[in-house]
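Remarks on the overall topology
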Amino acid sequence: MAPRWVYGKVSYEDLKGKIEEKEYGAGTYLPSENELMKLYDSSRDTVRKALNLLASSGYIQKEKRKGSLVLDVGLIFFSGFGFDKF
């Protein structure tokens, strides 16, 4: 279950929903941290918490100097031994 911090939950839940609804498609990059800060009227710390939670949940992969790459969440499932990709 996702942590429930007051401000970060809004951006995490919204970004997660946009990824699941394919508004941000697999293989594309999310807006930059600065753009997300403006979009959600949030601090850098809040945006980073949301992005870290998305990464730990398997929705994005953070790439240094490139941004946050959206992963194909439909191809990842959990097995008894960890993550499997098909």
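Our subject is the structure listed above.
Heads up: these notes are all about the structure in this document. Starting afresh in each chain, residues are numbered from 1 along the sequence in its written order. Residues qualify for local features only when their pLDDT is at least 70, as the model is predicted, and side-chain atom pairs are given and counted only at 80 or more; totals for whole chains, interfaces and linings, by contrast, use all residues. Only hydrogens and water are set aside; all other atoms, that is, all heavy atoms of the structure, feed into the side-chain values.

1. Describing unusual backbone geometry
In this structure, D41 is a non-glycine residue whose phi angle is positive, near 50 degrees. By relative accessible area, which is 72% here, D41 ends up exposed. Positive phi, normally seen in glycine, also occurs at R65, with a value near 65 degrees. In this structure, R65 sits in the loop between β1 (60-63) and β2 (67-70). Each residue is assigned to one of three classes by its accessible area relative to the maximum for its type, calculated with a 1.4 Å probe on protein chains only: buried under 20%, partly exposed between the two thresholds, exposed over 50%. Put simply, DSSP H or I for four residues or longer makes a helix, DSSP E for two residues or longer makes a strand, and each gets a number counted from the N terminus.

2. Looking at the environment of N34
As for its position among the elements, N34 is in helix α2 (residues 33-40). On the basis of relative accessible area, N34 is assigned to the partly exposed category, the value being 41%.

3. Examining the environment of Y40
Looking at the element boundaries, Y40 is found in helix α2. Taking the relative accessible area as the measure of exposure, Y40 reaches 16% and is therefore buried. Between the C-alpha atoms of Y40 and V10, which are 30 residues apart in sequence, the distance is 8.1 Å. Working rule for contacts: check all heavy atoms of both residues, and any pair within 4.5 Å makes them a contact. Ignoring any residue separated from it by four or fewer positions in sequence, one finds Y40 in contact with S11, D14, L15 and K18. In this structure the side chain of Y40 is engaged in a polar contact, spanning 2.4 Å, whose partner is the side chain of D14. What qualifies as a polar contact is a pair of N or O atoms within 3.5 Å, subject to a donor-acceptor requirement within protein and to the restriction that residues adjacent in sequence count only when both atoms come from side chains.

4. Quick notes on the layout of surface pockets
In this structure, the largest pocket spans a volume of roughly 170 Å³. A cavity here means a set of points on a 1 Å grid, drawn over the protein atoms and nothing else, where a 1.4 Å probe fits but cannot get out; a pocket is an open set with protein on both sides within 12 Å along at least five of seven lines, and a residue lines either one if it has an atom within 4 Å of a point. Taken together, L30, P31, S32, E33, L51, K62, E63, K66, G67 and S68 make up the full set of residues lining the largest pocket. Of all the secondary structure elements, the ones that give two or more residues to the lining of the largest pocket are β1 and β2. Of the residues belonging to the lining of the largest pocket, the class tally is three nonpolar, three polar and four charged. Grid points are joined across faces, edges and corners, and a volume is the space filled by probe spheres set on the points. In the scheme used here, Gly and all other residues not listed as nonpolar or charged are polar, with Ala, Val, Leu, Ile, Met, Phe, Trp, Tyr, Cys and Pro taken as nonpolar and Asp, Glu, Lys and Arg as charged.

5. A short note on the pattern of salt bridges
Counted as salt bridges are all cases of a side-chain nitrogen of Lys or Arg within 4 Å of a carboxyl oxygen of Asp or Glu. Scanning the entire structure with this criterion turns up four salt bridges. The residue R44 makes a salt bridge to E33 at a minimum N-O spacing of 3.0 Å. Of this pair, R44 sits in helix α3 (residues 44-56) while E33 sits in helix α2, and the two are 11 residues apart along the sequence. Look at the salt bridges and you will find they share partners, linking E33, R44 and R48 into a network.

6. Side note on the pairing of β1
In this structure, β1 lies alongside β2, joined through four bridges in antiparallel fashion. Within β2, the residue paired with E63 across the bridge is G67. Paired strands, as defined in this entry, are two strands with at least two bridges between them according to DSSP. In textbook terms, the turn of a hairpin is the stretch between consecutive antiparallel strands, and for β1 and β2 this stretch comprises three residues, one of which, R65, has a positive phi near 65 degrees.

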